[in-house]
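Architecture at a glance
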Amino acid sequence: MTYRTVAASAAAFVIALGLAGTAAAHAHLKRSVPTASSTVAGPTQVEAWFTEDLEPKFSTITVTGPGPNGKKVDKGDTHTDPADAKHLIVGIDGATPGTYTVTWAVTSVDTHKSNGSFTFEVQK
């Protein structure tokens, strides 16, 4: 093999790795309000920011609580911020003291799905 053949093969390999990383991208939770494991005073909504733009019709946040057998307390109005497709928001009906669980399931614009959950506490 000549130097040019080796260099061209190496360049093609590096480009292929870069494209594979892009194709395998998923939306991961970057931050939230309230933050995971925080204690807050009566929030009226939960906000979550992700690493990728989201498909609003296929992305949800569900909030349950307080307690392990808590009922659903979100308003079912999950939506993305019109100014930021990475920002997902849902309203909350009355946050009484206790521990709440936030469960999110999102689909990024490249159709990859991801999900997760975290808790926060409302002050007593």
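Keep in mind that this is a model prediction, so the values were computed, not measured. Along every chain, residues carry numbers that run from 1 in the direction the sequence is written. Totals for whole chains, interfaces and linings use every residue, but because this is a predicted model, local features are given only for residues with pLDDT of at least 70 and side-chain atom pairs only at 80 or more, for both listing and counting. Calculation of side-chain values draws on the structure's entire complement of heavy atoms; hydrogens and water are dropped beforehand.

**Some words on the sheet that holds strand β6 (residues 84-91)**
By this definition, two strands are paired if DSSP reports at least two bridges between them. A run of DSSP states H or I qualifies as a helix once it reaches four residues; a run of E qualifies as a strand once it reaches two. Both are numbered from the N-terminal end. Strand order in the open sheet made by the four strands is β1-β3-β6-β5, with antiparallel pairing throughout. Taken across any chain shown, the strands that pair with only one partner, and hence form the sheet edges, are β1 (29-33) and β5 (79-81). The mean angle between the axes of side-by-side strands here comes to 30 degrees, regardless of whether they run parallel or antiparallel. Two strands pair when backbone bridges link them, and β5 and β6 are joined in this way by three bridges, in the antiparallel orientation. Following the sheet pairing, Asp81 is matched in β6 by Asp84. Lines are fitted to the C-alpha atoms to define the axes, a helix being fitted only along its stretch in contact, and any angle between axes, read from their N-to-C directions, falls within 0 to 180 degrees.

**A word on the confidence of the model for the chain**
Overall, the predicted model of the chain reaches an average pLDDT of 85, with 78% of residues at or above 70. Below a pLDDT of 50 lies the segment residues 5-23, which in the model reaches four contacts outside its immediate sequence neighbourhood of four places, other chains included. Each residue carries a pLDDT score, the predictor's own confidence in it, on a scale running from 0 to 100. Contacts are assigned to residue pairs that have any heavy atoms within 4.5 Å of one another.

**Description of the environment of His87**
Looking at where His87 falls in the secondary structure, it is placed in strand β6. Considered as a pair, His87 and Leu54 are 33 residues apart in the sequence and their alpha carbons are 8.1 Å apart. Each residue touching His87, except ones within four places of it in the same chain, is listed here: Glu47, Ala48, Trp49, His79, Thr80 and Asp81.

**What about unusual backbone geometry?**
Note the cis peptide between Val33 and Pro34, where omega equals -5 degrees. Tracing the chain through its elements places Pro34 in the loop between β1 and β2 (39-40). The step from Gly65 to Pro66 runs through a cis peptide bond, and the omega angle for that step is -10 degrees. If you trace the backbone, Pro66 turns up in the loop between β4 (60-64) and β5. The phi dihedral of Ser37 falls on the positive side, at around 65 degrees, and the residue is not glycine.

**Quick notes on the nonpolar core**
Generally speaking, a soluble globular protein has its nonpolar side chains buried in company with each other. Nonpolar core, defined: a set of buried Ala, Val, Leu, Ile, Met, Phe, Trp, Tyr and Cys residues in which side-chain atoms within 4.5 Å join the residues together. A 1.4 Å probe rolled over the protein chains alone gives each residue an accessible area, and that area as a share of the maximum for its type sets the label: buried under 20%, exposed over 50%, partly exposed in between. In terms of nonpolar packing, the biggest core is built from 19 residues, with Val46, Phe50, Ile61, Val63, Val102, Val106 and Phe120 touching the most fellow members. Within the residue set of this core, elements represented by two or more residues are β3 (45-50), β4, β6, β7 (98-107) and β8 (113-122). Top element by residues in this core is β7. It accounts for four residues. Apart from residues lying up to four places away in sequence, Phe120 is in contact with Pro34, Thr35, Ser37, Ser38, Val40, Pro43, Val46, Ile92, Gly98, Thr99, Tyr100 and Val102.

**Considerations on the sheet that holds β4**
Through backbone hydrogen bonds, the strands of a sheet pair up, either in parallel or in antiparallel fashion. Spatial strand order, β2-β8-β7-β4: four strands in an open sheet with mixed pairing. Looking at which strands have only one partner, the edges of the open sheet turn out to be β2 and β4. When β4 meets β7, the two strands line up antiparallel, connected through five bridges. Residue pairing across strands places Ile61 opposite Trp104, the latter belonging to β7.

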